[in-house]
Amino acid sequence: MKVILKIAAMALLFAACTNAPKEARLMTYNIHNGIGMDTITDYKRIAEVIKHVNPDVVAIQEIDSVTQRSQGLFVLAEIAKHIDGIHYTFNASIPYSGGSYGIGILSKEKPVKVKSAALPGREEQRSLVITEFKDYVFCCTHLSLNAEDRLASVAVINNETAEFGNKPVFLGGDLNAAPSSAPMTEFFKNWTPLNDTAVHTIPVVNPRRCIDYLLVKTPTKAEIMKAVVIDERVASDHLPVYVDIKY
């Protein structure tokens, strides 16, 4: 009888630990390929911005990979080498200048699974990269400049993230759309913004628009403990965004 009670108590304790809220710091940053507002390309400067935030995971947009413009450097790896204990995941959206150009994710935890999907972009092919971790899924994208393509992308993103069942799914990126736009209205049917969309992210001086987002897909609910748009006016042409959440 004592053994049975002990096993039952251990099972209840395990269930309580499993269902306990988890915390995460999520970030998104369009880095303008490391080219600052002073026209200087400085990957270490981008890394320092990220290190200061110390996120668990960060979605990064506008990254060169071994292009002539980047002097043959793999930009995401260049950033990662300045951040201890970080893993990097790059996804090429288009061939460019002898290499490729796309999006990526930096994470403290190594992904257990990575997949990507093409997104519409009549001016330039766009993409989605999805990294699955032990407790959650984190995605990164950079949507088209064309409103119709942005709207069409929402359905693709919803479909590509449908396979993860009850695991929380988060999305970070430059969505090139204002909160009241048709693409974001469509997004908000299935996703909840985590950053304060009333706080603008571009341009870096006197920002007038919010186009950079961190979202969580329903039915996951997240308690927002902190939401910050960093006043970093030199490293890129976008302001970095991060949130602290409990989910």
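Going by the structure above, here's the rest.
Just so we're clear, the structure is a prediction, and the values are computed from it rather than from any experiment. (Residues numbered from 1 in each chain as written. Predicted model: local features only at pLDDT ≥ 70, side-chain atom pairs only at ≥ 80, totals over all residues. Heavy atoms only, no water.)

This paragraph deals with the sheet that holds strand β8 (residues 169-174). In space, the six strands of this open sheet follow the order β5-β6-β7-β8-β10-β9, with mixed pairing throughout. The open sheet has two free edges, formed respectively by β5 (113-119) and β9 (191-193), since each of these has just one partner strand. For this sheet the average axis-to-axis angle between neighbouring strands, irrespective of direction, equals 20°. Note that β8 and strand β10 (residues 212-217) share five bridges and pair antiparallel. Paired with D174 across the two strands is D212, which belongs to β10. In this fold helix α4 (residues 147-160) packs onto β5, β6 (126-132), β7 (137-142), β8, β9 and β10, with an angle of close to 160° to the strand it touches most, β5. (Pairing = 2+ DSSP bridges. Helix = DSSP H or I, 4+ residues; strand = E, 2+ residues; numbered from the N terminus. Axes fitted to C-alpha atoms, helices over the stretch in contact; angles between N-to-C directions. Contact = heavy atoms within 4.5 Å.)

Ranked by internal contacts, the top residues of the largest apolar core, which has 22 residues, are M27, Y29, I31, I50, I60, I79 and L106. At the level of elements, β1 (23-30), α2 (43-53), β2 (57-65) and α3 (75-80) are the ones that each hand at least two residues to this core. A per-element tally of this core places α2 first, with six residues. (Core = buried A, V, L, I, M, F, W, Y, C linked by side-chain atoms within 4.5 Å. Buried < 20%, exposed > 50% of the residue type's maximum accessible area, 1.4 Å probe, protein only.)

A word on the pairing of strand β4 (residues 99-107). In terms of burial, β4 is a largely internal element, eight of the nine residues being buried. The pairing of β2 with β4 spans eight bridges and is antiparallel. Counterpart to A59 in the pairing with β4 is I105. Sheet topology places strand β3 (residues 87-96) next to β4; nine bridges connect them, and they run antiparallel.

Take the sheet that holds strand β12 (residues 241-246) next. Pairing in this open sheet of six strands is mixed, and the strands run β3-β4-β2-β1-β12-β11 from one edge to the other. Lying at the two open borders of the sheet, with one neighbouring strand each, are β3 and β11 (223-229). Pairwise comparison of adjacent strand axes, ignoring direction, gives a mean angle of 20° for this sheet. Against the sheet, α2 engages β1, β2, β4 and β12, with an angle of about 160° to β1.

Once that is clear, we can look at the pairing of β7. Of all six residues in β7, six are buried, a share of seventy percent or more. When β6 meets β7, the two strands line up antiparallel, connected through five bridges. Following the sheet pairing, I130 is matched in β7 by C139. Adjacent in sequence and paired antiparallel, β6 and β7 are bridged by four residues. Pairing between β7 and β8: six bridges, direction parallel. Its bridge partner lying in β8, T141 is registered against G173. The handedness of the β7 to β8 crossover, carried by α4, is right-handed. (Right-handed = clockwise from strand over helix to strand, strands pointing away.)

With that out of the way, let us pick up the pattern of salt bridges. Enumeration over the complete set of coordinates arrives at 17 salt bridges. Between K51 and E48 there is a salt bridge, with its nearest N and O atoms 3.7 Å apart. Taken together, the residues span about one helical turn, with K51 and E48 both in helix α2 at a distance of three residues. We classify K51 as partly exposed; its relative accessible area is 39%. The salt bridge partner of E186 is K189, with a shortest N-O separation of 2.9 Å. Residue E186 is classed as partly exposed on the basis of its relative accessible area of 28%. By relative accessible area, K189 is classed as exposed at 54%. (Salt bridge = Lys/Arg side-chain N within 4 Å of Asp/Glu carboxyl O.)

Coordinates in, geometry out; function isn't part of it.
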